[in-house]
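Coordinate analysis (summary)
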Amino acid sequence: MQQEKRYSTMTEHELKQEIAQLLEKARKAEQMGMVSEYAVLERKAAMAKAYLLDPSAFKPGEIYELEGDPGEYFKIDYMNGVFAWGYRLKGDGKEEALPISMLK
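Residues numbered from 1 in each chain as written. Predicted model: local features only at pLDDT ≥ 70, side-chain atom pairs only at ≥ 80, totals over all residues. Heavy atoms only, no water.

1. Description of the side chain of Ser101
On the secondary structure map, Ser101 appears in the segment after strand 4 (96-99). For Ser101, a relative accessible area of 13% puts it in the buried group. In terms of polar contacts, Ser101 uses its side chain to reach the backbone carbonyl oxygen of Ala46, at 2.4 Å. Non-local contacts of Ser101, meaning those with residues more than four positions away in its chain, are made with Ala46, Met47, Lys49, Ala50, Leu53 and Glu67. (Helix = DSSP H or I, 4+ residues; strand = E, 2+ residues; numbered from the N terminus. Buried < 20%, exposed > 50% of the residue type's maximum accessible area, 1.4 Å probe, protein only. Polar contact = N/O pair within 3.5 Å; in protein donor to acceptor, adjacent residues only side chain to side chain. Contact = heavy atoms within 4.5 Å.)

In structure tokens, the structure reads:
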């Protein structure tokens, strides 16, 4: 059985291929009505996309709109790799981590 490569060790080309494959699988899962499978694949694609971005472009204390969720905003408390830790402005105030690809 082949060991899967971590996104952090993939080249930009490998990441883009992985994202394309995940989005294609997600599209097929959506067509087949497999809602949970679709959600998992979308989340994996968002994780892979985060490794194509520069974490230093995202600043603690800044507020970003959530990708694909207009009107929802996220305030970053701190960064850890490609994850932004903070909370949703209209949320319950609980801290959560989001891949930076989910912020715009």
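2. Re helix 2 (residues 35-50)
Between the first and last C-alpha of helix 2 there are 23 Å, a value that for 16 residues agrees with the 22 Å anticipated at 1.5 Å per step. Those residues of helix 2 that fall on the buried side of the exposure criterion are Leu41, Ala45, Ala46, Met47, Ala48 and Ala50. Lining the buried residues of helix 2 we find helix 1 (12-31), strand 3 (83-88) and strand 4. (Expected span 1.5 Å × (residues − 1).)

3. A look at the packing of aromatic side chains
Across all of its chains, the model carries three aromatic pairs by this definition. Plain terms: the ring middles of Phe58 and Tyr64 are 5.4 Å apart, the flat faces sit at 50 degrees to each other, and that makes the pair tilted. A residue is classified by how much of its surface remains accessible, and Phe58, at 11% relative accessible area, is buried. (Phe/Tyr/Trp six-rings, centres within 6.5 Å; stacked < 30°, edge-to-face > 60°.)

4. Comments concerning the sheet that holds strand 4
Taken together, the four strands give an open sheet; going across it, the order is 1-2-3-4, and neighbouring strands pair in antiparallel fashion. Either end of the sheet is taken by a strand with one partner, and the two such strands are strand 1 (63-65) and strand 4. Across the sheet, the mean angle separating the axes of adjacent strands is 50 degrees when strand polarity is ignored. Examined bridge by bridge, strand 1 and strand 2 (residues 73-80) share three bridges and lie antiparallel to one another. Looking at strand 2, one finds that Tyr64 is bridged to Phe74. (Pairing = 2+ DSSP bridges. Axes fitted to C-alpha atoms, helices over the stretch in contact; angles between N-to-C directions.)

5. Overview of the environment of Glu65
Relative to the helices and strands, Glu65 is located in strand 1. Separated by 37 residues in sequence, Glu65 and Lys28 place their C-alpha atoms 28 Å apart. Apart from residues no more than four positions distant in its own chain, Glu65 is found in contact with Pro70, Gly71, Glu72, Tyr73, Met102, Leu103 and Lys104. Of note is the side chain of Glu65, whose polar atom sits 3.0 Å from the backbone nitrogen of Gly71.

6. Some thoughts on the pattern of salt bridges
With the rule as written, the count across this model stands at five salt bridges. Between Lys5 and Glu14 there is a salt bridge, and its shortest N-O distance comes to 3.1 Å. Look at Lys5 and you get partly exposed, because its relative accessible area is 43%. Assessed through its relative accessible area of 25%, Glu14 is described here as partly exposed. Look at the salt bridges and you will find they share partners, linking Glu24, Arg27 and Lys28 into a network. (Salt bridge = Lys/Arg side-chain N within 4 Å of Asp/Glu carboxyl O.)

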